[in-house]
Amino acid sequence: MRIVDSQVHLWGPDTPARPWPPGREADAQRPYPISKETLLLQMDQAGVERVVLVPPSWEGDRNDLALEAAAAYPDRFGVMGRLSLTDPASRDQVASWRDQPGMLGMRFAFHNRHYRHMLTDGSADWLWPAAEATGIPLMVLVPGHLEVLDRIATKHPGLRLVIDHVGVSLRPNDPSVWDELPAVCALARHPNVAVKASGLPHWSGEAYPFADLHGYLRQLFDAFGPKRMFWGTDLTRMPCTYYECIHMFTDHLPWLRGDDLEWVMGRGVCEWLGWEMG
């Protein structure tokens, strides 16, 4: 089985030559940079063939390190890049976005004080028709704003959308976040909406294999099916090993087997993003 992680970050240090936006140091998932070599080592040890690189918000709207990784290892890394929603020059970049080697689409995080307002104040309104017209898939982190995503998916049926991190709030080890799951599953009625089953151990109150999450995963699977539910980790945020993130799915979900498991563990996200598997 070919395993493809639908979300991993890498980043460089905050330096005068390559500065982060002011005040973002506290947002980094680890207090040290994560390089492509570090990721490759972990991927090889865990048996992960590919990862979708998602440049992190704390570095600002830049994709340089992720694109460098994809250029160096095109069979291992693809990129869902960042784009400034408020820079007028961004609109001219959409038409040629996927001409960048390794670039698969775009990713937007509307989950914190820096970006949340852009989803509802009109800043992002130009993006949806532009991405739909050019066939660019989008990954979106929208906890607490699922109704906005519902409207976008309805208005733009040709726009491929992926809901990040199951679509629920990111509060760790908090079972109340699953009260939001029915609203997430309701979005499965849109054939242009998929979901990343990523970062699951973050919400578990138990040790591996995180049995308190299995029922929620089944609900998500029953709603979206194997071709629109993508396994992933957000590895640098996980409180466990890469092995445990993988084998929670491959060994401990008896209802997920055969072709369905292959779709969830990698084939689905590659087909959705147009990342050909050789």
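On a predicted model such as this, the values are computed, not experimentally measured, just so you know.

Scoring rules and cut-offs
- Residues numbered from 1 in each chain as written.
- Predicted model: local features only at pLDDT ≥ 70, side-chain atom pairs only at ≥ 80, totals over all residues.
- Heavy atoms only, no water.
- Helix = DSSP H or I, 4+ residues; strand = E, 2+ residues; numbered from the N terminus.
- Rg over C-alpha atoms; globule rule 2.2 N^0.38 Å.
- Buried < 20%, exposed > 50% of the residue type's maximum accessible area, 1.4 Å probe, protein only.
- Contact = heavy atoms within 4.5 Å.
- Areas by Shrake-Rupley, 256 points an atom, 1.4 Å probe, with all protein chains shown as cover.
- Lys, Arg positive; Asp, Glu negative; His and termini not counted.
- Charge placed at Lys NZ, Arg CZ, Asp CG, Glu CD.
- Pairing = 2+ DSSP bridges.
- Axes fitted to C-alpha atoms, helices over the stretch in contact; angles between N-to-C directions.
- Salt bridge = Lys/Arg side-chain N within 4 Å of Asp/Glu carboxyl O.
- Polar contact = N/O pair within 3.5 Å; in protein donor to acceptor, adjacent residues only side chain to side chain.
- Core = buried A, V, L, I, M, F, W, Y, C linked by side-chain atoms within 4.5 Å.
- Right-handed = clockwise from strand over helix to strand, strands pointing away.
- Phe/Tyr/Trp six-rings, centres within 6.5 Å; stacked < 30°, edge-to-face > 60°.
- Lys NZ or Arg CZ within 6 Å of the ring centre and 35° of its normal.

> Go over the overall build of the chain, please, and point to the residues and values.
Helices and strands together make up the secondary structure of the chain, namely 8 helices and 8 strands. For 278 residues, the compact-globule estimate of 2.2 N^0.38 gives 19 Å, and the chain sits close to it at 17 Å. Principal axes of the C-alpha set define a box for the chain whose edges measure 50 × 40 × 40 Å. Burial status across the chain gives 56% buried among its 278 residues. The long-range fraction of contacts in the chain, counting pairs at least 24 apart against all pairs at least 6 apart in sequence, stands at 75%. When the accessible surface of the chain is totalled, it reaches about 11400 Å², and 53% of it is carbon and sulfur. Averaging the locations of the 26 positively and 35 negatively charged side chains of the chain gives two centres separated by 2 Å.

> Which residues make up the sheet that holds strand S8 (residues 229-232), and what values go with them?
Either a parallel or an antiparallel arrangement is found when strands of a sheet pair, and the pairing is made through backbone hydrogen bonds. The 8 strands lie next to each other as S1-S2-S3-S4-S5-S6-S7-S8, forming an open sheet whose pairing is parallel. In this open sheet, the two edge strands, each paired with only one partner strand, are strand S1 (4-8) and S8. Sheet twist, expressed as the mean angle between neighbouring strand axes with direction ignored, is 30°. As judged from the 3 bridges shared by strand S2 (residues 50-53) and strand S3 (residues 77-81), these two strands associate in the parallel manner.

> An account of the pairing of S1 is needed here, citing residue identities and associated values.
Taking burial as the measure, the 5 residues of S1 include 5 buried ones, the bulk of the element. Where S1 lies against S2, 3 bridges are found, and the strand directions are parallel. Paired with Val4 across the bridge in S2 is Arg50.

> Any details on the pattern of salt bridges? Residues and values, ideally.
Applying the stated rule across the entire model yields 15 salt bridges. Of the charged contacts, one joins Asp44 and Arg76 as a salt bridge, the two residues approaching to 2.9 Å between their closest N and O atoms. With Asp44 in helix H1 (residues 36-46) and Arg76 in the loop between helix H2 (64-72) and S3, this pair connects stretches of sequence that are 32 residues apart. The network of salt bridges with common partners includes Arg18, Glu59, Arg62 and Asp64.

> With reference to specific residues and values, describe the side chain of Lys196.
If you trace the backbone, Lys196 turns up in strand S7 (residues 193-198). On the basis of relative accessibility, which here comes to 0%, the residue Lys196 falls in the buried class. A polar side-chain atom of Lys196 sits 2.6 Å from a polar atom in the side chain of Gln7. In contact with Lys196, other than residues within four places in its own chain, are Ser6, Gln7, Met139, Val162, Ile163, Asp164, His165, Val166 and Phe230.

> Give me the lowdown on the nonpolar core, citing residues and values where you can.
Grouped together as the largest cluster of nonpolar side chains are 83 residues, with contacts concentrated most on Phe110, Trp128, Leu138, Leu220, Trp231 and Phe249. Trp231 has contacts with Ile3, Val4, Asp5, Ser6, Val48, Ala197, Tyr242, Cys245, Ile246, Phe249, Val264 and Met265, leaving out every residue within four places of it along the chain. Formed by 14 residues, the second largest nonpolar core is a distinct cluster that contains Val52, Ala194, Cys270 and Leu273.

> Explain the pairing of S3 to me, and be specific about the residues and the numbers.
Most of S3 sits inside the fold, with 5 of its 5 residues counted as buried. On S3, burial covers both faces: Phe77, Val79 and Gly81 on one face and Gly78 and Met80 on the other are all buried. In the classification by handedness, the crossover that spans S2, the intervening H2 and the parallel S3 is right-handed. Where S3 and strand S4 (residues 103-109) come together, 3 bridges link them in parallel fashion. Bridged to Val79 within S4 is Met103.

> Could you give an account of the environment of Thr233, with specific residues and numbers?
Following the sequence through the fold, Thr233 ends up in the loop between S8 and helix H7 (242-252). A relative accessible area of 0% places Thr233 in the buried class. For Thr233, the contacting residues outside a window of four places in its chain are Asp5, Gln7, Val8, Ser198, Gly199, Met238, Tyr242 and Cys245. A polar contact of 2.6 Å, which involves the side chain of Thr233, links it to the side chain of Asp5.

> Tell me about the packing of aromatic side chains, residues and numbers included.
Applying the stated rule across the entire model yields 10 aromatic pairs. An angle of 5° between the planes, with centres 4.4 Å apart, marks the rings of Trp178 and Tyr216 as stacked. Taken together, the residues Trp178 in the loop between strand S6 (161-163) and helix H5 (181-186) and Tyr216 in helix H6 (residues 214-224) connect sequence positions 38 residues apart. Owing to a relative accessible area of 25%, Tyr216 belongs among the partly exposed residues under this scheme. Members of the aromatic cluster, each reached through a chain of ring pairs, are Phe108, Phe110 and Trp128. It is Arg50 that lies over the ring of Trp275; its NZ or CZ is 4.3 Å from the centre. Across the ring face of Tyr115, the terminal group of Arg82 is positioned such that the distance to the ring centre comes to 5.2 Å.

None of this, on its own, says anything about what the molecule does.
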